[in-house]
There are 6 protein chains.
Amino acid sequence: MNAMALITAKEGELGDKAIIVGNIQRMKTVVQLLENPKLVSEFAGYTTYVGTYKGEKVSVVFHGIGIPSLTLVTHDLYNLGVRKIVRFGSATGLKDVKAGEVVVPIGYSYNIGGTFYQYLGEYFSYALTPDYELLNKVVENLKKKNLSVRVGIVYTSDALMTHSKEFLEKVSARNHIAIELEGAGLYFLGNLLNFKALSVHLIYRNGLTGDSLTQDKINEEEKIIAQAILESL
Amino acid sequence: MNAMALITAKEGELGDKAIIVGNIQRMKTVVQLLENPKLVSEFAGYTTYVGTYKGEKVSVVFHGIGIPSLTLVTHDLYNLGVRKIVRFGSATGLKDVKAGEVVVPIGYSYNIGGTFYQYLGEYFSYALTPDYELLNKVVENLKKKNLSVRVGIVYTSDALMTHSKEFLEKVSARNHIAIELEGAGLYFLGNLLNFKALSVHLIYRNGLTGDSLTQDKINEEEKIIAQAILESL
Amino acid sequence: MNAMALITAKEGELGDKAIIVGNIQRMKTVVQLLENPKLVSEFAGYTTYVGTYKGEKVSVVFHGIGIPSLTLVTHDLYNLGVRKIVRFGSATGLKDVKAGEVVVPIGYSYNIGGTFYQYLGEYFSYALTPDYELLNKVVENLKKKNLSVRVGIVYTSDALMTHSKEFLEKVSARNHIAIELEGAGLYFLGNLLNFKALSVHLIYRNGLTGDSLTQDKINEEEKIIAQAILESL
Amino acid sequence: MNAMALITAKEGELGDKAIIVGNIQRMKTVVQLLENPKLVSEFAGYTTYVGTYKGEKVSVVFHGIGIPSLTLVTHDLYNLGVRKIVRFGSATGLKDVKAGEVVVPIGYSYNIGGTFYQYLGEYFSYALTPDYELLNKVVENLKKKNLSVRVGIVYTSDALMTHSKEFLEKVSARNHIAIELEGAGLYFLGNLLNFKALSVHLIYRNGLTGDSLTQDKINEEEKIIAQAILESL
Amino acid sequence: MNAMALITAKEGELGDKAIIVGNIQRMKTVVQLLENPKLVSEFAGYTTYVGTYKGEKVSVVFHGIGIPSLTLVTHDLYNLGVRKIVRFGSATGLKDVKAGEVVVPIGYSYNIGGTFYQYLGEYFSYALTPDYELLNKVVENLKKKNLSVRVGIVYTSDALMTHSKEFLEKVSARNHIAIELEGAGLYFLGNLLNFKALSVHLIYRNGLTGDSLTQDKINEEEKIIAQAILESL
Amino acid sequence: MNAMALITAKEGELGDKAIIVGNIQRMKTVVQLLENPKLVSEFAGYTTYVGTYKGEKVSVVFHGIGIPSLTLVTHDLYNLGVRKIVRFGSATGLKDVKAGEVVVPIGYSYNIGGTFYQYLGEYFSYALTPDYELLNKVVENLKKKNLSVRVGIVYTSDALMTHSKEFLEKVSARNHIAIELEGAGLYFLGNLLNFKALSVHLIYRNGLTGDSLTQDKINEEEKIIAQAILESL
């Protein structure tokens, strides 16, 4: 691969662990938990911080919206030596999942084509699953903090604006417990390139009931989740 | 659905737990661990036993070869009230997985089309993953018996005779740790119909190195695995 | 291909003609018409008999349910030297086809993907048709026995449990005269590997009207059909 | 359907039998065998003749090149009351099929998409096969005239200019005995709309060996084939 | 490519400019505007004329119905040295496009598969657009003649007989301004083989309102459009 | 649609014209050319400015990386009343396109699936083209500023990291003049929702030759291009 990188750091500079986020506010929440966080890369709106947590280097990286954006950032991290990546994001809850619950996907459903076709060169339903050990460690640490954790399947949508009520009901009827926009890309590269990947989604609202969190509650809970993730890396 | 059933038992007769197998020999191994096992259905070469394990009813069911065969049997079990299904099968190891290791799939890759298209009515990469709790319990019980357990992704092939060395290398390079012929069907229905599903594969041989188990070793190890599965239901 | 075989016979042991069946009961019906039938292979629930009919060796082989199962068995037979294969099965009648009629498919419709994709390496509508001479001979012999024979197109489904009334009506409206679960696999390999293939389906019931045969009538008629097939090989 | 028709004849004017051709010269050959042939429609380069053969009305219709062209003409004929359609065309031979042999397809392979997708509304491998009785009658009449007849599968290509030697070898290796540009469209509508359809292809040349017929030999043989077709209607 | 050509002219004989048409009547209209037009090829119903316009050689070529027919003719022209091709056709108007308006497509939508798959060897949405300079010149010349010109996207259908009112409304709702049967093939080869391509469609009727032109008006307007095209080559 | 919006402005607040960019630096370049620019929305790393240019309101909006990101932002803009959107981005040149040239796509090629499938509900090659008037106006204004403008087809890739030399050569051989990551999404929504859309790409480097611009030259030229775009709205 001779493609241009988004992250202007040097190989090794980032350590081998990263938390990636799609929201600048959430990024700050994570960075504030690090010791000596430094901005090491800023390009085209994409920023990367490196700090330490209990003596170990951890990067915090913005991944933007959608599978192509996340996979570009993630593949970049892989090229720079990162081998353990946790995505910390939000998601819209489905079925009986409530705002404030934490969804940890054991697998993502996704649309064929696009990014997957370009990497694989064929239409193929590649299993998108997390690293099993990392999954267990994060679930355990989240539970220790008295968070309500749900492990199940999540659908990564490519078009938020098509999320009509009818569409969400169809996705929910197939027993997805949440819907969001990027996660499939992370688990895809994790399995294809062979690094440890996991996603953690805070449910801001349930897409069917409308039940939702206040911004204050979000901020408070994201801080706790970030702590649990950092402790698991 | 008004489709003909393969299992001629009555609703409720089977209990809510089943172990399904694709090999008559392995079926016997499991049945012998039950108390009072009885043949409750025999049709077209497909047989079903019911017995009890530590006081709880367990069915043991033959599922044949291939996704259409397994899904037919499995959907039948679902219609008859079964809600926890463990498939106990073999698989061909890939990557560094050795004969004698036990593969527990956290997800299956599969070919689009066929059974999946008929159920979903569209080409869609539906996440095929197990029940998380059941996964954890079985992995734990397998490890307690000192088995070497590998949790990872497995490819369900639809055509054993296309498994050339080149093909297996491609599947292995995508970091599948095993290849077999039915598992995707189980996790598919588990997620679609919402019952607890899990697969356990004993590796008879590694498809790349040729490293393989003797029949005696297979029989011995399958008895231990069957025990672990029964203890987890 | 270095794939494991299901049939443990040696090359040549089976002769070059086989009748394959998906039901153990029907298998017995055929075997009883042979001279000196012997069980030559039994593996994982799959059995193979060899006997003679009017001095010529004929194998009778169980193929299980679904395209992957049938194609595995059939490719195995091909590898063992068999070059003329008649599948003798049942099917659900559509349109005005009545229980008790015999459907001989001049072609199968099928879902793209799965087994076909693995063999061909692309999505392609490969013509699934029988050997013309064998078709004519079998049709003629069936008619001589005063059976009502229907030659037309049949749909090989991959998911029996999706056969709602609405689904069957759609398949029927496309002028399929029957629906079943394996036949496409046989004609596929027949054309791809270049051996003589044909299917014969006894209609047990019509999927739209519910009109059906008694088991006694089935047994009686299957014996006559088996005779006609044996005379045509 | 309120679509514009290509054939400007009135319903019933054409009788219920038609021979369709893709070459104006071949059209003349057929028309000359009719009594009282009359041009009944001419539009956009597409012409239709009606005459009688042994007292029965027969239409002869130009269908142009490619599946969309043939299906448009054929669906038009169906709308005008025609229920038995034989396509009389040429084809390029594959495998060991020689120039001068007559190929009668028992099925067509084809590319998914295009015309098929528009009619069916999904990607589906619909069986493209002829009417069995018509097939038998035409094959018998062709043989009576001492023509060398080959019944097998034929591939309908959508892009003549992609027929490189490598491409033809791939098509031949899948045991197609000929390749041409329209036939799949006829068998498709025959099965979908439920009328009797058959194709007859004179092999002008073999695509692999280059072996070919002179124009004189073509003219002579086409006259004989046309006679055989007319006698079969 | 060693495929048989439809056009029996020699390389260079046709010049480097061609107008292609799908209607024999329209062909005459164009030919009559040339000096010294000569029929240089006639094969299987496909004819080609060559004449001069303002001293420059221009070919006028019949392309038949459907993408496979047009692409065969067009690729033939390319092989014979033609590098600027304008298709002059009709189309059915959608949205608010009125009979008598002239649609110049800036892009074509099309069904995947078929011809496109054979050329590209994969399912891919290849941009089908005209040569920008030629587009501008033709639009300018059409407007100079006081024609009402509409530049927009057009859908190339593969099956005229599926054009129900409901279907046309769907196509119109996606903001296609017209629907027709061949244009995608021209822009496809123009982009793939790198020659200058453009289509001009006279709207004979609007498919939703039924509003249509008389034949006299068509003849009159086609003469003017032909003039504008010739002036732009 | 009841989906959450990314842009927190109110309907009408943005005016009906927007320039969208995927790079924060380029955003500044555009904003500096406006009078009274104000930040009106900032969410999750996505920012929107509104100012005036020659008395008319213009928004400048960050769209992130990839089709899902751009379409989300763009659909949001549409919902807020914007009806004319120019994307101002960079691209990698192919064929003979040099660094410093300006590519204006007359159409985008793209991978099927993903965002397109979710909006359309089927696999369909929808024409992705710009508004013709806007295209002409921008091309004219760019040329007036002595920029070297190339109008042609561009491929929107979903996976930058797959851009090996071999891949770029394949894309180039299909006569795409550039490759980038978002443009198809803009033209898609422009055609589907019926607003005026156009993309302008500055070529930073040629992907085949490596020929590239310095950052100074980029800054300088982007200012000129931004001016030309603003004058065209």
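This one's a predicted model, so the numbers in the text were calculated from it and none came from an experiment.

Glancing now at the overall build of chain A. Assigned secondary structure in chain A consists of seven helices and nine strands. For chain A, the spread of C-alpha atoms along the principal axes amounts to about 45 × 45 × 30 Å. For chain A, the proportion of its 233 residues judged to be buried stands at 70%. Counting contacts in chain A only where the partners sit at least 6 residues apart, residues at least 24 apart contribute 75% of the total. Carbon and sulfur atoms form 47% of the exposed surface of chain A, whose accessible area is close to 7,600 Å². Distance from the positive charge centre (24 side chains) to the negative charge centre (24 side chains) of chain A: 3 Å.

Before going further, it helps to spend a moment on the interface of chain C and chain B. Each side of the interface is counted separately: chain C has 43 residues, and chain B has 43 residues. Buried area between chain C and chain B, summed over both chains or domains, comes out near 3,600 Å², and the portion from carbon and sulfur atoms is 64%. On the chain C side of the interface with chain B, the three residues burying the most area are I65, Q118 and M161 of chain C, jointly 24% of the side's total. At the junction of chain C and chain B, the tally comes to zero salt bridges. Across the contact surface, chain C and chain B share 16 residue pairs in polar contact (both at pLDDT 80 or more). Elements supplying a minimum of two residues to the side of chain C that touches chain B: α2 (67-79) and α3 (114-120) of chain C. In terms of residue count, the dominant contributor to the side of chain C that touches chain B is α2 of chain C (seven residues). Class assignment for the residues of the side of chain C that touches chain B results in 22 nonpolar, 18 polar and three charged.

Let's shift gears to the UniProt feature "domain: Nucleoside phosphorylase" (unreviewed entry) in chain A. Look at the UniProt record and you will see "domain: Nucleoside phosphorylase" (unreviewed entry) annotated at residues 18-224 of chain A. In residues 18-224 of chain A, the share of helix is 34% and the share of strand is 33%. The end C-alpha atoms are 17 Å apart.

Our next topic: the interface of chain B and chain A. Of the residues lining the interface, 33 residues belong to chain B; the matching set on chain A comes to 33 residues. Buried area between chain B and chain A, both sides added, is near 2,600 Å², and the carbon and sulfur share of it is 57%. The largest contributions to the chain B side of the interface with chain A come from S125, Y132 and R174 of chain B, which together make up 27% of the buried area. For the interface between chain B and chain A, the tally reads 19 residue pairs in polar contact (both at pLDDT 80 or more). Contributing elements (two or more residues each) for the side of chain B that touches chain A: β6 (102-110), α4 (132-144), β7 (149-156), α5 (165-173) and α6 (183-193) of chain B.

In total, this model carries 15 cavities of 30 Å³ or more according to the counting rule given. Within this model, the largest cavity holds a volume of roughly 170 Å³. Residue lining of the largest cavity: I112 and Y123 of chain A, I112 and Y123 of chain B, I112 and Y123 of chain C, I112 and Y123 of chain D, I112 and Y123 of chain E together with I112 and Y123 of chain F, and that is the complete set. Within the lining of the largest cavity, the residues separate by chemical class into 12 nonpolar, no polar and no charged.

Right, let's get into the relation of the copies chain B and chain A. Once chain B is rotated about the relating axis by 180° and shifted along it by 0.0 Å, it coincides with chain A to within an RMSD of 0.0 Å. Given the turn and translation reported, the copies of this chain are related as if by a two-fold rotation axis. Closest to the rotation axis within chain B is the C-alpha of S125 of chain B, separated from it by 2.6 Å. The overlap is high: 100% of the interface residues of chain B also sit at the interface in chain A, so the same surface is used on both sides.

Our next topic: the packing of aromatic side chains. Two aromatic rings are characterised by how far apart their centres lie and by the angle between their planes. The full count for this structure, using the stated rule, is 66 aromatic pairs over all chains. When the centroid spacing of 4.9 Å and the interplanar angle of 85° are considered together, the rings of F116 of chain A and F188 of chain A count as edge-to-face. Separated by 72 residues along the polypeptide, F116 of chain A in helix α3 (residues 114-120) and F188 of chain A in helix α6 (residues 183-193) bring together distant segments of the chain. Across this residue pair, the class does not change: F116 of chain A and F188 of chain A are buried. Seen in terms of ring centroids, Y126 of chain A and F188 of chain A are 5.7 Å apart; in terms of plane orientation they differ by 85°. Their pairing is edge-to-face. Taken together, the positions of Y126 of chain A in the loop between α3 and α4 (132-144) and F188 of chain A in helix α6 put the pair 62 residues apart, joining distant regions of the chain. Of the two residues, Y126 of chain A and F188 of chain A, both sit in the buried class. Aromatic rings pair up to connect Y110, F116, Y119, F124, Y126 and F188 of chain A together with Y155 and F167 of chain B into one cluster. The cationic tip of R26 of chain B hangs over the ring face of F88 of chain B; the distance from NZ or CZ to the ring centre is 5.7 Å.

Attention now goes to the arrangement of the chains. There is a clear gap between chain A and chain D: no contact, and 14 Å between their nearest C-alpha atoms. The two units chain C and chain F are non-contacting; their minimal C-alpha-C-alpha distance is 14 Å.

Superposition of chain C onto chain B requires a rotation of 180° combined with a translation of 0.0 Å along the rotation axis, giving an RMSD of 0.0 Å. In this assembly, 100% of the residues forming the interface of chain C have copies in chain B that are likewise at the interface, indicating an isologous arrangement.

As a further point, take the pairing of strand β2 (residues 35-43) of chain E. Side chains on a regular strand alternate between the two faces of the sheet. All names here are of chain E. Bridge count between β2 and strand β3 (residues 46-53): six bridges; the pairing is antiparallel. Directly across from K38, in β3, lies its bridge partner V50. Hairpin connection of β2 to β3: two residues between the antiparallel strands, including A44 at a positive phi of 55°.

A separate point is unusual backbone geometry. Its identity is not glycine, yet K95 of chain D carries a phi of approximately 50°, on the positive side. Residue placement: K95 of chain D occurs in the loop between β5 (84-93) and β6 (102-110). Assessed through its relative accessible area of 28%, K95 of chain D is described here as partly exposed. One non-glycine residue, N175 of chain E, lies in the positive phi region at around 70°. Residue position: N175 of chain E is located in the loop between α5 (165-173) and β8 (178-180).

Turning to the side chain of R87 of chain D, a few remarks are in order. Residues and elements named next belong to chain D. Within the element layout of this structure, R87 appears in strand β5. Owing to a relative accessible area of 3%, R87 belongs among the buried residues under this scheme. A polar side-chain atom of R87 sits 3.2 Å from a polar atom in the side chain of H63. For R87, the side chain forms a polar contact with the side chain of E180, separated by 2.3 Å.

Another point: the side chain of D131 of chain C. Turning to its location among the elements, D131 of chain C is positioned in the loop between α3 and α4 (132-144). Not counting the four nearest positions on each side in its chain, D131 of chain C is found in contact with K196 and A197 of chain C.

Turning next to helix α7 (residues 215-232) of chain D. Counted at 1.5 Å a residue, the expected span for α7 of chain D with its 18 residues is 26 Å, and the 26 Å between its end C-alpha atoms agrees. For α7 of chain D, the set of buried residues is I218, E221, E222, I225, A226, A228, I229, L230 and S232 of chain D.

What follows deals with the environment of L147 of chain A. Residue and element names in this part refer to chain A. Note on placement: L147 falls in the loop between α4 and β7 (149-156). Classification of L147 as buried rests on a relative accessible area of 12%. Each C-alpha atom of the pair L147 and V102 lies 7.0 Å from the other, and the pair is 45 residues apart in sequence. With sequence-adjacent residues up to four places away left out, L147 is seen in contact with V102, L142, E221, I224 and I225.

Basis of the calculations
- Residues numbered from 1 in each chain as written.
- Chains lettered and ligands numbered in written order.
- Predicted model: local features only at pLDDT ≥ 70, side-chain atom pairs only at ≥ 80, totals over all residues.
- Heavy atoms only, no water.
- Helix = DSSP H or I, 4+ residues; strand = E, 2+ residues; numbered from the N terminus.
- Buried < 20%, exposed > 50% of the residue type's maximum accessible area, 1.4 Å probe, protein only.
- Contact = heavy atoms within 4.5 Å.
- Areas by Shrake-Rupley, 256 points an atom, 1.4 Å probe, with all protein chains shown as cover.
- Lys, Arg positive; Asp, Glu negative; His and termini not counted.
- Charge placed at Lys NZ, Arg CZ, Asp CG, Glu CD.
- Buried area = accessible area lost by both parts, 1.4 Å probe.
- Salt bridge = Lys/Arg side-chain N within 4 Å of Asp/Glu carboxyl O.
- Polar contact = N/O pair within 3.5 Å; in protein donor to acceptor, adjacent residues only side chain to side chain.
- Nonpolar A, V, L, I, M, F, W, Y, C, P; charged D, E, K, R; others polar.
- UniProt positions renumbered as here; feature names shortened; annotations may be inferred.
- 1 Å grid on protein atoms, 1.4 Å probe; cavity = no way out; pocket = protein on both sides within 12 Å on 5 of 7 lines; lining within 4 Å.
- Points joined across faces, edges and corners; volume = space filled by probe spheres on them.
- Least-squares fit on C-alpha atoms with pLDDT ≥ 70 in both.
- Phe/Tyr/Trp six-rings, centres within 6.5 Å; stacked < 30°, edge-to-face > 60°.
- Lys NZ or Arg CZ within 6 Å of the ring centre and 35° of its normal.
- Pairing = 2+ DSSP bridges.
- Expected span 1.5 Å × (residues − 1).

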